[in-house]
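Coordinates in review
Here is what each chain is made of, one letter per residue.
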Amino acid sequence: MAPAGRPGAKKGILERLESGEVVIGDGSFLITLEKRGYVKAGLWTPEAVIEHPDAGSNVMQTFTFSASEDNMESKWEDVNAAACDLAREVAGKGDALVAGGICQTSIYKYQKDEARIKKLFRQQLEVFAWKNVDFLIAEYFEHVEEAVWAVEVLKESDRPVAVTMCIGPEGDMHDITPGECAVRLVKAGASIVGVNCRFGPDTSLKTMELMKEGLEWAGLKAHLMVQPLGFHAPDCGKEGFVDLPEYPFGLESRVATRWDIQKYAREAYNLGVRYIGGCCGFEPYHIRAIAEELAPERGFLPPASEKHGSWGSGLDMHTKPWIRARARREYWENLLPASGRPFCPSLSKPDF
């Protein structure tokens, strides 16, 4: 299958999903930009979009994580506006959509002031409406109550709303199950529900299965969305990889291979998820792996595949016969990669 150009006329997010189209989300912003010197670990606020606009030029979901007034004071409006402009610049080169993104606030855990928190969400929404984003994403919520408030605010616009929680199979921080979380979010008005961040691909898919079951049991319908870590973290606790001793500066040994991500993409598709992407730890080659795995369903390969042989096929030209022997799917699917660290454990003990 040859790489294709930009297929079809631009359609909205719900039109794409309702037709059965696979929507491939983007990858990591914060972890990736921190490694490149554009973001400081901690609150992870996205000053990069105004301090170094080239750092975010390949973003189609606005880089507005933690970009609310409670985190950024006077900078919040400039950051949100600049992030929208950067996302639109890139999206305008093809048929990509721009999604305006909000996330959980820093104040919910300490004071559950619904009016104040909704005001923070509404401020960002006003910028997204002014910049005419295509749809809206409320992401990275630990508590379903706050996520519901976010959806209620975003529904004040005429744009489709997606919402993802950063939870695992145990549910949110108040022990609300994934299935019940999904039900509450759909009842609040979300058209797309799922999970993002905090957990690796395998765990995130288990959570998605529980969300799907909850919606089916309640007789509700919604499109499903998953954007997990690009790291393996089966040993993390209820709060995810943030509790691992390697977070955030020693996670490299946990990075998923491109073949891990192809497996994840296939399993997500088989589960019925049609909005499939990644979060912290995902690099461009991971997103390409999703697109390559689902090329038969999508009908085309991504342009990046011009520089990548499927399942190592480019190795068949290597001068070494044992490396040429690796130019096949079976080899990479069955590989158990070593870490190269003989005195390191395979799993860690969470700090919390």
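Structural data are supplied above this passage.
Fair warning: this is a prediction, and the values are worked out from it, not measured in the lab.

So, how was this worked out
- Note that residues are indexed from 1 along each chain, following the sequence as it is written.
- In view of the model being predicted, local features appear only for residues whose pLDDT reaches at least 70, and side-chain atom pairs are presented and counted only at 80 or more, with totals across whole chains, interfaces and linings using the full set of residues.
- Hydrogen atoms and water are omitted, and side-chain values are computed over all heavy atoms in the structure.
- Whether a residue is buried, partly exposed or exposed follows from its accessible area with a 1.4 Å probe, protein chains only, as a fraction of its type maximum: under 20%, in between, or over 50%, in that order.
- Helix and strand assignments follow DSSP, with helices taken as H or I runs no shorter than four residues and strands as E runs no shorter than two, numbered in order from the N terminus.
- Any two strands with at least two DSSP-identified bridges between them are counted as paired.
- The path from the first strand over the helix to the second decides the hand: if it runs clockwise while the strands point away from the viewer, the crossover is right-handed.
- The term salt bridge refers to a side-chain nitrogen of Lys or Arg lying within 4 Å of a carboxyl oxygen of Asp or Glu.

1. Thoughts on the pairing of strand β4 (residues 161-165)
For β4, a buried count of five out of five residues is recorded, marking the element as mostly surrounded by other parts of the structure. Where burial is concerned, the two faces of β4 agree: the one with Val 161, Val 163 and Met 165 and the one with Ala 162 and Thr 164 are both buried. Summarising the sheet, strand β3 (residues 135-141) and β4 pair through four bridges and their orientation is parallel. Directly across from Ala 138, in β4, lies its bridge partner Val 163. In this view, the connection linking β3 to its parallel neighbour β4 by way of helix α7 (residues 144-154) has right-handed handedness.

2. Digging into the pattern of salt bridges
Counting across every chain of the model gives 17 salt bridges. Where Arg 159 meets Asp 158, a salt bridge forms, and the shortest distance between an N and an O atom there is 3.3 Å. Judged by relative accessible area, which is 14%, Arg 159 ranks as buried. Judged by its relative accessible area of 69%, Asp 158 is exposed. Overlapping salt bridges, with partners in common, bring together Lys 109, Glu 142 and Arg 198 in one network.

3. Comments concerning the sheet that holds strand β7 (residues 275-276)
Strands sit in the order β1-β7-β6-β5-β4-β3-β2 across an open sheet of seven strands; the sheet is parallel. The open sheet has two free edges, formed respectively by β1 (23-24) and β2 (99-103), since each of these has just one partner strand. As paired elements, β4 and strand β5 (residues 192-196) share four bridges and run parallel to each other. Its bridge partner being in β5, Met 165 is matched across the sheet by Val 195.

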